[in-house]
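Listed here are the chains, written in short residue letters.
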Amino acid sequence: MSESPETQSLASASSQLNLAETEGIDDKEFDIPQVDTPPTLESILNETEDEDESFILEDPALLNMDNIDTHSGETSSLASSDSGDRTNLKRRKKISDVMSIHGSVVRRSVLKGVSAQVVSAADRVDAGLPTAVVVSNVIAVGTSHGLALVFGKDPNQALRLCLGSTAVGAQYGAVSALSINSDCTRLLCGFAKGQITMWDLANGKLLRTITDAHPPGTAILHIKFTDDPTAAICNDSGGSVFELAFKRVMGVRTCESRCLFSGAKGEVCCIEPLLVKLELRDHPITQHALLAMASLTKVLVIGLKPSLKVWLTFPYGKTNPASVPLLSWQFVAVQGAVTPMLAFCRGDAIHFLLVKKDESGAIHVSKQKQLHLHYDLINLTWINSRTLALLDSAEKLHVVDRHSQEELEMVDIAEVQLVYNSSHFKSLATGGNVSQALALVAEKACYQSVSAYGGQIIYLGTKSVHVITLRSWRERVDYLLKQERFIEALSLAWSFHEGKAKAVVGLFGDQSKRKGVVADRMAEILLQYADRALKKCPEQGKLQVMEQHFEDMVPVMVDYCLLLERTDLLFGQIYSKLSEISVAKGVFLECLEPYILNDKLPSITPQVMKDLLIHLQDRDMMENIEACIVHMDITSLDIQQVVHMCWEHGLYDAMIYVYNKGMNDYITPMEKLFQVIGPPLRAGKSLSDEQVVMGNKLLVYISCCLAGRAYPLGNIPEDLVSLVKHQVFEFLIRLHSTEVASDEELYPQIRTLLHFDTREFLNVLALTFEDFRNDKQAVEHQQRIVDILLTVMVENSDFTPSQVGCLFTFLARQLAKPDNTLFVNRMLFDQVLEFLCSPDDESRHAERQQVLLELLQAGGIVQFDENRLITMAEKAAFYQVCEFMYEKKQLYDKIISCYLNDPVRREDVFNYIHNMLSIPGYSTEEKESVWNKTMEHIKDLVSINPSKAAELLAVHFSSELRVIVDQLEDQYIVFQLLQSLLDSSDGVQVNRELLQLNPDIHEQYLDLLCQYDPHRVINFLRVSEYYRLEEAIQITEKHNLHEASAYLLEKKGDVHAAFSVLLEILKHRLSLLNNGTREKNEETVQAAESTLEETIALCQRNSHSLNQQQREALWFPLLEAVMSAQKLVKDGSSSHAFEFLKHLTKQVLNSMTGFIALPSILQRILQDPMYGKGKLGEIQTLILGMLDTFNYEQTLLETTTNLLNHDLHWSLCNLRGAVSRGLNPKQEHCNVCLQQYKRRQEGTEEVIVFSCGHIYHSQCLQSKDCGVQTEGQTRWTCYKCNSSKKGGRHRDLGSELNKSRNTSLAQIKVTSAYYSTNRNSDSRKPTEAALEPQQIQAFDQLRRLYRGPSRLAILTELSRNRNSDKHGLFQPGSVANSVFQNENFQLRLSPPPVIED
């Protein structure tokens, strides 16, 4: 057949289908990288990969990328498809961030030559539409008119063979399945009407036509060659599977068929024989010729050889009936062995089965980790042993890594217009005689439209053929570079370098070689990235924009150069490129700092280091310079330049580091620092802040040198540790410094350090002495330093007591150690004691005491005579020292005097006494001595802090309270003490029994409270319960506290006396309304209103217990007092006071209407001279207010009545419904005898059903004593419920009736609700549980306490009141007897009864 003109331009797509014949492919056109050694299948399978380790980006900070557009869908060539056309990019759907990490994994192209010729054949020779495709060394496409078109895989994709004819197609139907054998010499074609043909691919000759291999009337769904060229497997639309054996007898080709699986047992709609590549033909699994079959309900794996045997049956479980069963075999490397793995799926979960053969020859199948998806699959294909291509029902291709189960990429291939095999699965060519289940699966069946071979997948569309292949690692990186996504390209390349990338193609050899290849490519990318950084630099003049530009890009270069360990590239080509722009150079140098500080960049070229120091110095970033120097390799530094700069700018850490590391000189830095801080200290001058910093660095430096640590970081080399320690000691104990001054004293170094910070220098020595236990020379140094310290400090008066004390505390700690080797003259300690306790020197008293105390606590007490020490401490008023010594001698009572005499710690004595008397561990004698000492000083304790003294007395001295109070002379202190004791707001807990026995204490406090804080008297009287009323009344009357007297009189029960007191106060305050200024009148108004409220409250509280006459005796005088005051004010023409009094009058009237009959009130008002002579308008306000109150109360009464009536009616209805409801037994047997009540022989036996659902025979309940005789009837109780609740057999009837509905509603039987007394005369009566008299009395009290008026009584009262309202106002006598006027009346709204469903 002649080639069409279009075939010349199809090299791009066809090149992907010919891995072995690449001579005719233009590498430059397709940008295909060079491969040194082509990989073998075994080498790919044996590549190690961690099953569980997923891709991890080394430095997430480097990943600063946007979503990328999906890979090209162009059809011309790879170069054109990756050109990054802007319009194309806008059309493409953006993929997820996960895809950005992996880049574009697959490449999709259209086989233009094949596509064009398939379309041309349909037009020219009426070949029909494509229906099936298979690929091997050639590509075969079946058509709907029975033709099979065979194309070569040469660059032109020429049509080699056209097999069959349209006439045969009209007879056989469409080509429904294709298969090519392993050596690509035979082609099997299955047809929609069931025929099978075999063709010779070398010459296009028809070898066999098979018409009887399977039942007629069914279409061929699958036809598959096995590894045996004489055997094939076919699957028809009836769901059956047959083995075809091709033979040649006497020159005649024949075919024998054997049924492997009958569709009657479940229709098979997918088959997949295990095909083994030539390299693995010796694999032991090939002896069994495994075949996987997928039916609508399960997967089967059978062996065809040596005999037919089923090795596995695996049901799907619950799946979508419209999902397509899928199968796919692949050899994978597991633990160094190459083993077949079957992936199968129906729906959204892929199962992996690993098939192994053991030594005995048996096959074992193990299930691997399954893959759960969020979409349904219609095709499942292995790209290689680690990567799967999954096509979902929306025609989106998902590339997934099997080990990590991570989706690497998603490609939408809807534009392919995939060919579906639905008509063949429905067997439409033979009448559509397939099951409904298979027809449902047929909607998405596309088995014959996808074919994989050699890592490539062919997808058959209605008008085109597409191929999907994995991109090589170089292609994936270059694809990102062409889009100028350098950061993503570097991240992807680094994942290749670390072996963490997925779906890697094109990297071979050992690990080091692979890393080298990737590293070289990354170096090229970094140089391109540097060029781009310079090229894309913003316009000059915008400094901040330029800095931000390079701050975003330079760290990426530094990061990857350090990851690749290519500092030569970083400080060579990249640095030289960036140095062209000063801003880029500055950003680069500043970017190095964090890497230096984190020790990721220990070495820098001298030129770069010099530029870095100059740059930081120009920017006055001296601290950054110092921090960098101490982390740098000394060989990259110009020592002379650095030392000069450090000394000039005060970079002492860097200077020390350079001397130590560069010259192994540990003494010169000390000398330089001593030269700075020594002279001012010797002259007695204060140090500047910078000199203090230098002194602190000097102490830390000495400490590090003596401990074997390098300053400021790391450790001194082990061979120098001992030498450095001895050099430092020798330096410290020098008699004179190198540059001797005229006024220099002996031992200048030690003297300088002591003057600078005595305590810290001695701490340094103490830490050093800990490490010198086994070093003889170091021990000698110790003694020598101690002698020098004593010489310098004891014989010199320049040091403060605190400094001297620090020295002897240090010595005491060293001498107290068990392995001590130091010697110190004991006389020196006595001299120090006299020095610290000198009574002539009053200065620094607290400091000297603290020093001596620390000396004793550090173990120095063994150096002193204890009696002499106590005597001197007492003379010096060192009370803390005395306390330390007394505690050591267990003289705890004397410690109290120490606290009392010490003005600083006087209040701490209370905690000490409390702890001594409370904490166990002290003897009775010791506690008694402390108790007695406290009683001696009780006056002092109370005067120090009455509140804390009260707390102490309440806990430990409550029995002596009367004695203590009598001893106190100052009455105000007594008041404060009693206030803390008796006022609960202070939180002091007092023994209540003691207070009950001593009411005079409360009365004494009340008397003092009236004197010092009269406003709190009322609150105290209300809270306290331990005073006597008569005495309290006398006290309040003595101090003219009338409100308090009124409260006490009311509490006593003399209501009228209390009322008289308050009424007099009210009259007095009302009389003052006209006699003062406006400010005074406002105060008087507030006081009068407050007194009136108290009086009204008094009347309201007590009116319930009084008769009508007694009530009038309370309320009417109050009303008259207010009204008479109103008359006086009216005469005085004070409008403000008059309005206020009218308000008070209205308040009194509103308050008394609930207790005094309305006619009586009106009559009293009209009799008043003020209102009797006036017009009605003057009292209109009062009367209207009273009527409003009346209307409000009437409305409230009616509403309450309606609520109670509705509640009662609702409750009764529900109770009636619950009682009349039928019962449903839970079981069909008696809960006692366990026999079915329906089948018992005694037909007259009565059955009792309870509301709980339990059912019994009446005789069974009688045997369990569950019946109670009451009023001639038998009441039953549920045996099972009651025995589980109380555990007893007998119940009191009264309690049973109130228990639950088991008794109240359990009187329902099948035949009768009750037994008569005559029929149960012999039944046993339950014994009643008797209560003791005390229990009965307590129960009656509890019942009376919580029992209120019944609902009937409330309704009766409401009804009576409403009836009386119709005839007139309330009658005076009706109010007193009303249940609503009872002070204990409470309206309790009970919840509705629970109704069981």
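These figures come from a predicted structure and were not determined experimentally.

Where helix H11 (residues 473–482) meets helix H12 (residues 486–498), the closest approach of the two axes is 8 Å, and the angle between their N-to-C directions is 165 degrees. On the basis of the axis angle, H11 is roughly antiparallel to H12. Between H11 and H12 the crossing geometry is left-handed. Note on element contacts: H12 touches H11 through Phe 486, Glu 488, Ala 489, Leu 492, Ala 493 and Phe 496, opposite Trp 473, Arg 476, Val 477, Leu 480 and Leu 481. Across the contact of H11 with H12, the residue classes tally to nine nonpolar, no polar and two charged.

As a further point, take unusual backbone geometry. Residue Lys 305 is joined to Pro 306 through a cis peptide bond whose omega torsion reads -10 degrees. By the element assignment, Pro 306 lies in the loop between strand E16 (298–303) and strand E17 (309–315). Of note, the bond from Tyr 711 into Pro 712 is cis; its omega dihedral lies within 30 degrees of zero at 0 degrees. Inspection of the secondary structure puts Pro 712 in the loop between helix H22 (689–707) and helix H23 (718–732). Phi at Gln 890 is positive, roughly 65 degrees, even though this residue is not glycine. Structurally, Gln 890 can be placed in the loop between helix H31 (879–888) and helix H32 (892–901). The exposure class of Gln 890 is partly exposed, given its relative accessible area of 48%.

Bringing the environment of Leu 732 into the picture now. As for its placement among the helices and strands, Leu 732 is situated in helix H23. As a C-alpha pair, Leu 732 and Arg 751 span 19 residues in sequence and 9.5 Å in three-dimensional space. Setting aside residues up to four positions removed in sequence, Leu 732 forms contacts with Ile 702, Gln 749, Ile 750 and Leu 753.

Before going further, it helps to examine the sheet that holds strand E8 (residues 196–200). Taken in spatial order, the four strands of this open sheet run E6-E7-E8-E9, and their pairing is antiparallel. In the strand order of this sheet, the two ends are held by strand E6 (175–180) and strand E9 (206–210), each with one partner. Pairwise comparison of adjacent strand axes, ignoring direction, gives a mean angle of 15 degrees for this sheet. Of the strand pairs in this sheet, E8 and E9 are connected by four bridges, and their pairing is antiparallel. Among the inter-strand pairings, Thr 197 is bridged to a residue of E9, identified as Thr 209.

Rules behind the numbers
- Residues numbered from 1 in each chain as written.
- Predicted model: local features only at pLDDT ≥ 70, side-chain atom pairs only at ≥ 80, totals over all residues.
- Heavy atoms only, no water.
- Axes fitted to C-alpha atoms, helices over the stretch in contact; angles between N-to-C directions.
- Helix = DSSP H or I, 4+ residues; strand = E, 2+ residues; numbered from the N terminus.
- Parallel < 35°, antiparallel > 145°, perpendicular 65-115°, else oblique.
- Left-handed = near helix turned anticlockwise from the far one by under 90°.
- Contact = heavy atoms within 4.5 Å.
- Nonpolar A, V, L, I, M, F, W, Y, C, P; charged D, E, K, R; others polar.
- Buried < 20%, exposed > 50% of the residue type's maximum accessible area, 1.4 Å probe, protein only.
- Pairing = 2+ DSSP bridges.

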